[in-house]
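# Per-entry structural report
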Amino acid sequence: QVQLVESGGGLVQAGESLRLSCAASVLIVSINDMGWYRQAPGKQRELVAGITGGGNTNYADSVKGRFTISRDNAKNTVYLQMNSLKPEDTAVYYCNRLGAAKLSWGKGTLVTVSS
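Chains are numbered independently. Their residues run from 1 in the order of the written sequence. In keeping with the predicted nature of the model, local features appear solely for residues at pLDDT of at least 70, side-chain atom pairs appear and are counted solely at 80 or more, and the whole-chain, interface and lining totals rest on all residues. Side-chain numbers come from the whole structure's heavy atoms, not from hydrogens or water.

## Quick look at the nonpolar core
General note: in soluble globular proteins, nonpolar side chains tend to be found buried as a group. Applicable threshold: Buried residues of nine kinds, namely Ala, Val, Leu, Ile, Met, Phe, Trp, Tyr and Cys, make up a nonpolar core once their side-chain atoms join them within 4.5 Å. Under the scheme applied here, a residue whose accessible area is under 20% of the maximum for its type counts as buried, over 50% as exposed, and between as partly exposed, the area being computed with a 1.4 Å probe on protein chains only. For the purposes of this entry, the term helix denotes a DSSP run of H or I that reaches at least four residues, the term strand denotes a run of E that reaches at least two, and both are numbered from the N terminus.
Among the nonpolar cores identified, the biggest contains 29 residues, and Leu4, Trp36, Ile69, Leu80, Met82 and Tyr93 are the most heavily contacted of them. Of all the secondary-structure elements, those providing two or more residues to this core are strand E3 (18-24), strand E4 (34-39), strand E5 (46-51), strand E7 (67-72), strand E8 (77-82), strand E9 (91-97) and strand E10 (109-114). The greatest single-element share of this core, amounting to 4 residues, is contributed by E3.

Given below as structure tokens:
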């Protein structure tokens, strides 16, 4: 069973940056379209950034220009660089495949942005 392990979250002030990492237990990052999702308290999980196998990226409007998704195929890891963080970015962040065929969700990593 594939395991996804997210890390890099923390408590930061508005305007600061964080870099999240998502490590997969098997070789999936290079052959799958991957995404970063987040779930804020009381809200549904939403997709914030995606990267295709060909390296194309897309972002939710709310994070466009501030977040950057990337991956290191050799390390089987997907990253999310988050700059200019806002209090509304506070959420648990997860990675998973794009599309309907999801892997088992990891525990996520909590990002808290104070104003």
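## Notes on the sheet that holds E10
Defined as follows: Only strands joined by at least two bridges in the DSSP assignment are considered to pair. Here an angle of 0 to 180 degrees is reported between the N-to-C directions of two axes, which are lines fitted to C-alpha atoms, with helices fitted over the stretch in contact.
Reading across from one edge, E2-E10-E9-E4-E5-E6 is the order of the 6 strands in this open sheet, with mixed pairing throughout. Each edge of the sheet is formed by a strand with only one pairing partner; in this case those strands are strand E2 (10-13) and strand E6 (57-59). The sheet shows a mean angle of 25° between the axes of neighbouring strands, direction not considered. In this structure, E9 lies alongside E10, joined through 3 bridges in antiparallel fashion. Residue pairing in the sheet places Ala91 in a bridge with Val111 of E10.

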